Amino acid sequence: LPCPPSPPALPVKSRGPSSPVAAQQCRRAFPRLRVHQKVNPQRYYYHADRLGVIILQDAVQYFNDTSNDYHNDTVQLWLDDFAAMIKTTGNHPCVLQYQPFNEDDCWQLFDVPAVVRLGRALDPSRLFDVDSGGRTPHNLGLGDVMDLHYYPAPGDLHPTASQYAMIGEFGG
């Protein structure tokens, strides 16, 4: 959902998304977008709210290789950023769920149940996808989503008794 930087930059006719692809997605009932490992400006969420687009919100990731010792010093910074993300996007109805981790990146550095408890305490109204595309954290049964990534074609997912099934990524 590419958004212009200011109201005067909005398309006059539609006052909608500035990208023809995003506009087509809205018209063709593909109203789900994953905000992948970043947080967008408030204008982005405003337009998603206005257009009825569902946002799956990833936490910002700045860990790739968990073998480096310096990561342990930045865990609290990540937790602070995670909390700030929830606080700044939580007033937007477009945000359906939060995703703290991605594809088994860095969750090993954290007390995963504590991260989920923190997220749920800050916003008990949203779903939590503990690790988008990851496998091990989903097996802990902490989140609401069994979200796997398949390349190149979508795979066959099976929900559990406590988690809905979602293909978070495919293609590529």
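Predicted model only: the values in this text are computed from it and were never measured.

Draft legend 1. Examining the pattern of salt bridges more closely. For the coordinates displayed, the defined rule picks out 3 salt bridges. A salt bridge links R120 to D144; the nearest nitrogen and oxygen atoms lie 3.1 Å apart. Placement of the pair is R120 in helix α4 (residues 112-122) and D144 in the loop between α5 (136-139) and β7 (145-150), with a sequence separation of 24 residues. Residue classification places D144 among the buried residues on the basis of a relative accessible area of 18%.

Draft legend 2. Layout of the sheet that holds strand β1 (residues 32-35). Within the open sheet, the 4 strands sit side by side as β1-β2-β3-β5. Their pairing is parallel. Each end of this open sheet is capped by a strand with a single partner; those strands are β1 and β5 (127-128). With 4 bridges joining them, strand β2 (residues 54-58) and strand β3 (residues 95-99) adopt parallel strand pairing. By the bridge assignment for β3, L56 is matched with Q97. Against the sheet, helix α2 (residues 42-51) makes contact with β1, β2 and β3, and its axis sits at roughly 150° relative to β2, the strand it touches most.

Draft legend 3. Quick look at the environment of T160. If you trace the backbone, T160 turns up in the loop between β7 and β8 (164-170). Classification of T160 by relative accessible area gives partly exposed; the value is 36%. Counting along the chain gives 15 residues from T160 to V145, while the straight-line C-alpha distance between them is 8.8 Å.

Conventions and cut-offs
Residues numbered from 1 in each chain as written. Predicted model: local features only at pLDDT ≥ 70, side-chain atom pairs only at ≥ 80, totals over all residues. Heavy atoms only, no water. Salt bridge = Lys/Arg side-chain N within 4 Å of Asp/Glu carboxyl O. Helix = DSSP H or I, 4+ residues; strand = E, 2+ residues; numbered from the N terminus. Buried < 20%, exposed > 50% of the residue type's maximum accessible area, 1.4 Å probe, protein only. Pairing = 2+ DSSP bridges. Contact = heavy atoms within 4.5 Å. Axes fitted to C-alpha atoms, helices over the stretch in contact; angles between N-to-C directions.

Such coordinate-based values are descriptive only and should not be taken to indicate function.
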